[in-house]
2 protein chains.
Amino acid sequence: MEIIKGGVTAAKGFEAASTAAGIKYQDRTDMALIYSKVPCETAGTFTTNLVKAAPVKWDKQVVDSGKKSQAVIVNSGIANACTGAEGFGYCRETAEAAAEHLSVDAEGVLIGSTGVIGKQLPIDKVKAGIGALAGKKKDSLEKGTEAAKAIMTTDTCEKEIAVTIQAGAKTVTIGGMAKGSGMIHPNMCTMLAFITTDAAITKEALQKALSEDVADTYNMISVDGDTSTNDTALVLANGMAENLTIEYGTKDYEEFKRALHVVNEYLAKKIAGDGEGATALFEAKVIGADTKEQAKVLAKAVVCSNLTKAAIAGHDANWGRILCAMGYSGAEFDPEKVDLFFESKAGKIQIIENGVAVDYSEEEATAILSESEVTAIADIKLGEETAAAWGCDLTHGYIDINADYRS
Amino acid sequence: MEIIKGGVTAAKGFEAASTAAGIKYQDRTDMALIYSKVPCETAGTFTTNLVKAAPVKWDKQVVDSGKKSQAVIVNSGIANACTGAEGFGYCRETAEAAAEHLSVDAEGVLIGSTGVIGKQLPIDKVKAGIGALAGKKKDSLEKGTEAAKAIMTTDTCEKEIAVTIQAGAKTVTIGGMAKGSGMIHPNMCTMLAFITTDAAITKEALQKALSEDVADTYNMISVDGDTSTNDTALVLANGMAENLTIEYGTKDYEEFKRALHVVNEYLAKKIAGDGEGATALFEAKVIGADTKEQAKVLAKAVVCSNLTKAAIAGHDANWGRILCAMGYSGAEFDPEKVDLFFESKAGKIQIIENGVAVDYSEEEATAILSESEVTAIADIKLGEETAAAWGCDLTHGYIDINADYRS
């Protein structure tokens, strides 16, 4: 496996474009297109929120139908959530406009939306945007980066990655882009991830690889504990690498899944570290667990704790809050067996042993916690399982972004 | 039922005192005593956190033993959590010192602690403090207020209330004090509530009244979602009202429970509204629910949502976040049936009807949301059950208090 330059246009046969459609922002791009020269097997995972945005319902229908997809249209101005039948109708109009401009099947057009909730889309601007996107699309890496920028809301940087693997004698590429949480006119955070690959792979294998991996990557990040109505991860596989079709359970499948994991974990961590107002990526690792599930529950409780996140913002080795969060997580463990360490580029330090503080240097701990990527490692000494979760610190910036009046 | 002046010394036979023991603060009182002239039936509820502070373990043992209690010793400097056998030993030493100074049974001394976690108590200062408390205790209302002040950490005001009811021909009084969340040297928020009553009541009835009511009061508040290691609510009943002993299930029991509920709800709301950095008490009411549990889950999800809390700080009628939080709460409902209202002293306004925004005035909504007590009312139109939960807005102040380095 090799990490290469690029994002959604790194794999063969994928093109992208961005345009400034003026849906919300007046001074930047706010629509993106991903297009494949040939139809793609498609896998998707979607928000578990009972309140689902119209594009989530639309995409789920496309993925569940088993039909191949060939294009993704994203807008970063309006979430199209809580918009009733009218909002769902705009999904159909969007897909039909894309079908016409791109000469693809409307039932194979996927839609991503993020932005203000409860507002209806200006469908004429969306349609004009689709025309512009269709005219500009290209397979260059730069176009992939442009698309990654166009889907940003309060993100401070675009998020993309690509990797290659060997499947038989063929090189298979997987590339992806994602956006994180937040809006300038605040509503609810939305995570969108779009992955493209030229792998030939069955729909079953693609969906299983995505569904299994999402549990260890996107589902292990938290910026503020608020599960969006729009969360979506999609993988499009167009088969243009001409490898022998990857079947579920084979060696090639395992290699594909490992590569997909690298892409998803990278994007997930980028989203967490670029959380609204964040100054640091905060990783919690639980080791020595009985079961993977126990490790995951404990790790996620730590990155979700407001008190812990505020302590990370203050570079404060406030280990009591971490133990406290583990204690209310619902997972069983023995607090009097826990060893806790902090680690970053600046070093590694043990803070507690068997649930009680060791005589550590606060200065050294503060130095370690002052880096932009910080890890807390809890060894619960019960078994061999491990898990990681990713979040960020809680700062004034988060409040500023989200308390702002929607004028 | 009548609300009267006073707190823990309002009921007959209860005395209180405070003292500056210098456990952490140098410029204020940090120890409190509640004392009853005669031994009391005692009920308690405690944190569900797997990591339990030593005083929680101690009090649970006292309550479970069925023995009567006669004194409560509280310190607001050190939480005595994650302190191992040494910390539990200090609970015993505290109880023994109180027993000696107050001529009571050590097995009937309850202990409350809040403050820094992981640090051992300066037991000599605690013992000296107990001596001072014993010398100063009185049954005046002022002494109750002094005690309520001494248990504060980052609280901005003391929290006390008293009510009377008639039980037969006798007047029964219930008084209480509580502290909310936060520390100046931050660790984890801790909620402590101490209720005294001169009611004659069986231990069974007292414990049932407390346990049932806690589920609707203290367990329905949230400042930051972090369940403390030290949370404790205790009720001491000394029988000095000379009413016929209240048994579980009688009419007097129901009246007692209603009065206890008034005390608990008042203190719970005071804690929520005085959350760290808060500028507003935020209440979420769910009406028209199928079941009480459904209403509670939905209401609590709303007050726990960071995004909603940040919107309240910005006086922003950001209803999408409220619907979003209800959607991920885990409770079933139909988003397309929900009506949502905001209400405060400044008025009441409908924001959505059947899941879609109505044409409301943002100015009017902002005016309503600019008050210091704000309510969101969600009617889910499925049945007759209702529930309320209480929280606060999320502000820079919360970050300032909790990101501070523990120097």
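You'll find the structure just up there.
We now turn to the structure provided with this report. Given the structure is predicted, the values throughout are model-derived calculations rather than measurements. (Residues numbered from 1 in each chain as written. Chains lettered and ligands numbered in written order. Predicted model: local features only at pLDDT ≥ 70, side-chain atom pairs only at ≥ 80, totals over all residues. Heavy atoms only, no water.)

### Considerations on the overall build of chain A
A tally of helices and strands in chain A yields 11 helices and 15 strands. Compactness check: chain A gives a C-alpha radius of gyration of 22 Å against a globular reference of 22 Å for 407 residues, within 12% of the reference. With the C-alpha coordinates aligned to their principal axes, the bounding extent of chain A is approximately 70 × 55 × 35 Å. When the accessible surface of chain A is split by element, carbon and sulfur atoms take 49% of a total near 13,900 Å². (Helix = DSSP H or I, 4+ residues; strand = E, 2+ residues; numbered from the N terminus. Rg over C-alpha atoms; globule rule 2.2 N^0.38 Å. Areas by Shrake-Rupley, 256 points an atom, 1.4 Å probe, with all protein chains shown as cover.)

### Looking at helix H4 (residues 141-150) of chain B
Those residues of H4 of chain B not exposed but buried are Lys143, Gly144, Thr145, Ala147, Ala148 and Ala150 of chain B. Considering only its buried residues, H4 of chain B is in contact with strand E2 (14-19), strand E3 (31-46), helix H3 (123-136), strand E6 (159-167) and strand E7 (170-179) of chain B. (Buried < 20%, exposed > 50% of the residue type's maximum accessible area, 1.4 Å probe, protein only. Contact = heavy atoms within 4.5 Å.)

### A few points about the sheet that holds strand E14 (residues 373-379) of chain B
All names here are of chain B. Taken in spatial order, the 6 strands line up as E13-E12-E11-E14-E10-E15 in an open sheet, and their pairing is mixed. Because the sheet does not close on itself, it has two edges, and the strands there are strand E13 (356-357) and strand E15 (385-392). Judged from the 7 bridges that link them, strand E10 (residues 281-289) and E15 form a sheet pairing that is antiparallel. What sits directly across from Ala284, in E15, is Ala389. (Pairing = 2+ DSSP bridges.)

### Brief notes about the packing of aromatic side chains
Two descriptors summarise a pair of aromatic rings, namely the distance from one centre to the other and the angle between the planes of the rings. Scanning all chains against the criterion turns up 4 aromatic pairs over all chains. Here Trp58 of chain A and Phe88 of chain A contribute two aromatic rings whose centre-to-centre distance is 6.0 Å and whose plane-to-plane angle is 55 degrees, an arrangement assigned as tilted. Note that Trp58 of chain A is positioned in helix H1 (residues 54-65) and Phe88 of chain A in helix H2 (residues 84-102), a separation of 30 residues in sequence. Assessed through its relative accessible area of 1%, Trp58 of chain A is described here as buried. We classify Phe88 of chain A as partly exposed; its relative accessible area is 24%. For the ring pair Tyr248 of chain B and Tyr253 of chain B, a centre distance of 4.9 Å and an interplane angle of 70 degrees mean the geometry is edge-to-face. What makes Tyr253 of chain B buried here is its relative accessible area of 1%. Over the face of the ring belonging to Tyr35 of chain A we find Lys137 of chain A, whose NZ or CZ atom lies 4.2 Å from the ring centre. (Phe/Tyr/Trp six-rings, centres within 6.5 Å; stacked < 30°, edge-to-face > 60°. Lys NZ or Arg CZ within 6 Å of the ring centre and 35° of its normal.)

### Remarks on the side chain of Thr83 of chain B
Residue and element names in this part refer to chain B. Here Thr83 is to be found in the loop between strand E4 (69-75) and helix H2 (84-102). A distance of 2.6 Å separates the side chain of Thr83 from the side chain of Asn80, its partner in a polar contact. Leave out the neighbours within four places in its chain, and Thr83 touches Ala54, Gly118, Lys119 and Gln120. (Polar contact = N/O pair within 3.5 Å; in protein donor to acceptor, adjacent residues only side chain to side chain.)

### Quick notes on the environment of Phe342 of chain B
Relative to the assigned elements, Phe342 of chain B resides in strand E11 (residues 339-344). With residues up to four places along the chain from it excluded, the contact list for Phe342 of chain B reads Ala317, Ile322, Gly347, Lys348, Ile349, Ile351, Ile368, Leu369, Thr375 and Ala376 of chain B.

### Digging into the pairing of strand E12 (residues 347-353) of chain A
Residues and elements named next belong to chain A. By the bridge criterion, 5 bridges tie strand E11 (residues 339-344) to E12 in an arrangement that is antiparallel. Across the sheet, Leu340 pairs through a bridge with Ile352, a residue of E12. Following E11, the chain reverses through 2 residues before pairing antiparallel with E12. By the bridge criterion, 2 bridges tie E12 to strand E13 (residues 356-357) in an arrangement that is antiparallel.

### Side note on the side chain of Ser344 of chain A
Residues and elements named next belong to chain A. Tracing the sequence through the fold places Ser344 in strand E11. On the basis of relative accessible area, Ser344 is assigned to the buried category, the value being 13%. Among all residues touching Ser344, those that are not within four sequence positions of it are Ile368, Glu371, Glu373 and Val374.

### Brief notes about the state of the cysteines
Residues and elements named next belong to chain B. One pass over the full model with this rule turns up 0 disulfides over all chains. Cys304 provides the cysteine sulfur closest to Cys392, a residue in no disulfide bond, and the two sulfurs are 10 Å apart. The buried category is assigned to Cys392, whose relative accessible area is 1%. (Disulfide = S-S within 2.5 Å.)

### Quick notes on the sheet that holds E12 of chain A
All names here are of chain A. Judged by pairing direction, the sheet is mixed, and its 6 strands sit side by side in the order E13-E12-E11-E14-E10-E15 without closing on themselves. The outermost strands of the open sheet, each flanked by one partner alone, are E13 and strand E15 (385-392). Sitting on the sheet, helix H7 (residues 292-304) is in contact with strand E10 (281-289) and E15, with an inclination near 20 degrees to E15. (Axes fitted to C-alpha atoms, helices over the stretch in contact; angles between N-to-C directions.)

### Some details on the pattern of salt bridges
Opposite charge on two side chains allows them to pair when their charged atoms are near. The tally for this structure, following the rule as stated, stands at 31 salt bridges over all chains. Its salt-bridge partner being Lys159 of chain B, residue Asp155 of chain B comes within 2.7 Å of it at the nearest N-O pair. Taken individually, Asp155 of chain B and Lys159 of chain B each receive the classification buried, so the pair is uniform in this respect. One salt-bridge network, in which partners are shared between bridges, spans Asp155, Lys159 and Asp274 of chain A. (Salt bridge = Lys/Arg side-chain N within 4 Å of Asp/Glu carboxyl O.)

### Some thoughts on the environment of Ile78 of chain A
All names here are of chain A. Turning to its location among the elements, Ile78 is positioned in the loop between strand E4 (69-75) and H2. In the structure, Ile78 is positioned 44 residues away from Pro122 in sequence and 9.1 Å away in space, judged by C-alpha atoms. When near neighbours in sequence (up to four residues on either side) are disregarded, Ile78 contacts Ile23, Ser113, Thr114, Gly115, Val116, Lys119, Gln120, Leu121 and Pro122.

### Describing the packing of helix H5 (residues 203-214) of chain A against helix H6 (residues 251-273) of chain A
Residues and elements named next belong to chain A. Orientation of H5 relative to H6, taken along the N-to-C sense of each, is 45 degrees, at an axis distance of 10 Å. In terms of their interaxial angle, H5 and H6 are classed as oblique. As for the relative orientation of H5 and H6, their crossing is right-handed in sense. Within the contact between the two elements, H5 uses Ala205, Leu206, Lys208, Ala209, Leu210, Glu212 and Asp213 and H6 uses Tyr253, Phe256, Lys257, Leu260, His261 and Asn264. Grouping the amino acids of the contact of H5 with H6 by side-chain chemistry returns 7 nonpolar, 2 polar and 4 charged. (Parallel < 35°, antiparallel > 145°, perpendicular 65-115°, else oblique. Left-handed = near helix turned anticlockwise from the far one by under 90°. Nonpolar A, V, L, I, M, F, W, Y, C, P; charged D, E, K, R; others polar.)

### Brief notes about unusual backbone geometry
Backbone geometry places Ser103 of chain A, a non-glycine residue, at a positive phi of 55 degrees. Looking at the secondary structure, you find Ser103 of chain A in the loop between H2 and strand E5 (109-113). Positive phi is not limited to glycine here, since Asn354 of chain B has a value of about 50 degrees. Position of Asn354 of chain B among the secondary structure elements: in the loop between strand E12 (347-353) and E13. By relative accessible area, which is 37% here, Asn354 of chain B ends up partly exposed.

### What to know about the packing of H7 of chain A against helix H9 (residues 319-328) of chain A
Residue and element names in this part refer to chain A. Axis separation between H7 and H9 bottoms out at 8 Å; the angle between their running directions is 130 degrees. Classified by the angle between their axes, H7 and H9 sit oblique to one another. Relative to H9, the crossing made by H7 is right-handed. Facing Leu298, Ala301 and Val302 of H7, the residues of H9 in contact are Ile322, Ala325, Met326 and Tyr328.

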